Amino acid sequence: SKQEAVMRLKPESLDQLLHPMLDPDAPKRVLAKGLPASPGAACGRVVFTADEAERLGKEGEAVLLVRIETSPEDIHGIHAAKGILTTRGGMTSHAAVVARGMGRPCVSGAGSVRVDYAAKALYVGDVVVKAGEMLTIDGGAGEVILGEVP
């Protein structure tokens with residue numbers, strides 16, 4: 001029955017449907033996994049500072065804010081970014097809580113990602129992603145994906 005079908009749904013699955021999703025048939029290269037800290041998917045140009053996220057966001061660029069961890073001083077960048085990726089932190093980290101509250105996708109605790117602020121790059125194994133290059137995150141699955149996924 002319809003009622004039985006509705007009752008079988010987990011509340012988290014309904015939450016997923018209310019956020020942007022990736023095309024399940026699109027090819028993707030998953031670079032790293034982290035915690036699914038805030039649902040939804042986002043792709044954008046990689047930025048490493050909240051100021052850069054805000055500047056490019058005002059110019060109409062879609063950006064992903066990549067930080068080792070976020071702090072209250074990053075709020076303007078979190079607001080401007082389409083999504084947040086952190087290498088440290090958990091489901092109750094600053095990035096996760098703020099992103100959920102703002103409706104932004106977030107992958108936190110992606111420990112296999114190494115961020116080098118001085119080089120303006122992130123590293124996963126032998127893959128290097130520099131500032132300005134495209135990255136996609138799936139905050140529902142905790143995936144960090146190379147390039148732009150529709």
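Model, not experiment: these values are computed from the prediction.

### Description of the sheet that holds strand 8 (residues 121–124)
Working step 1: Within the open sheet, the three strands sit side by side as 7-8-9. Their pairing is antiparallel. The sheet is open, and its two edges are formed by strand 7 (114–116) and strand 9 (127–130), each paired on a single side. With strand direction ignored, the average angle separating the axes of adjacent strands in the sheet is 20°.
Working step 2: Across four bridges, strand 8 lies against strand 9 in antiparallel orientation. Within strand 9, the residue paired with Ala121 across the bridge is Lys130.

### Notes on the environment of Leu31
Working step 1: Topologically, Leu31 is positioned in strand 1 (residues 29–33).
Working step 2: Separated by 17 residues in sequence, Leu31 and Phe48 have C-alpha atoms that sit 18 Å apart.
Working step 3: Those residues in contact with Leu31 that sit more than four places away from it in its chain are Val124, Val127, Val129, Leu135, Val144, Ile145 and Leu146.

### Side note on unusual backbone geometry
Working step 1: In this structure, Lys120 takes a positive phi of about 50° despite not being glycine.
Working step 2: Within the secondary structure, Lys120 is located in the loop between strand 7 and strand 8.

### So, the sheet that holds strand 10 (residues 134–138)
As a general point, the strands of a sheet are linked pairwise by backbone hydrogen bonds and lie either parallel or antiparallel.
Working step 1: Taken in spatial order, the eight strands of this open sheet run 1-11-10-3-4-5-6-2, and their pairing is mixed. Because the sheet does not close on itself, it has two edges, and the strands there are strand 1 and strand 2 (35–38). In this sheet, adjacent strand axes meet at a mean angle of 35° when their direction is disregarded.
Working step 2: Pairing of strand 5 (residues 83–86) with strand 6 (residues 106–108), which is carried by two bridges, proceeds in the parallel orientation. In the sheet register, Leu85 faces strand 6, and the bridge partner there is Val107.
Working step 3: Running at roughly 180° to strand 4 (residues 63–67), helix 3 (residues 50–58) makes contact with strand 3 (41–47) and strand 4 of the sheet.
Working step 4: Sheet strands touched by helix 5 (residues 94–102): strand 2, strand 5 and strand 6. Its angle to strand 2, the strand with the most contacts, is close to 45°.

### Brief notes about the pattern of salt bridges
Working step 1: In this structure the tally under the stated criterion is seven salt bridges.
Working step 2: Measuring nitrogen to oxygen at the nearest pair gives 2.9 Å for the salt bridge that ties Glu4 to Arg8. In this pair, Glu4 and Arg8 both sit in helix 1 (residues 2–8), four residues apart, roughly one turn of the helix.
Working step 3: Owing to a relative accessible area of 42%, Glu4 belongs among the partly exposed residues under this scheme.
Working step 4: The class for Arg8 is exposed, based on a relative accessible area of 65%.
Working step 5: Notably, a salt bridge pairs Lys28 with Glu143, separated by 2.8 Å at the nearest N-O pair. Note that Lys28 is positioned in the loop between helix 2 (11–17) and strand 1 and Glu143 in strand 11 (residues 143–146), a separation of 115 residues in sequence.
Working step 6: On the basis of relative accessible area, Glu143 is assigned to the buried category, the value being 13%.
Working step 7: Several salt bridges share partner residues, and in doing so they unite Glu52, Arg55 and Glu59 into one network.

Parameters at a glance
- Residues numbered from 1 in each chain as written.
- Predicted model: local features only at pLDDT ≥ 70, side-chain atom pairs only at ≥ 80, totals over all residues.
- Heavy atoms only, no water.
- Pairing = 2+ DSSP bridges.
- Helix = DSSP H or I, 4+ residues; strand = E, 2+ residues; numbered from the N terminus.
- Axes fitted to C-alpha atoms, helices over the stretch in contact; angles between N-to-C directions.
- Contact = heavy atoms within 4.5 Å.
- Salt bridge = Lys/Arg side-chain N within 4 Å of Asp/Glu carboxyl O.
- Buried < 20%, exposed > 50% of the residue type's maximum accessible area, 1.4 Å probe, protein only.

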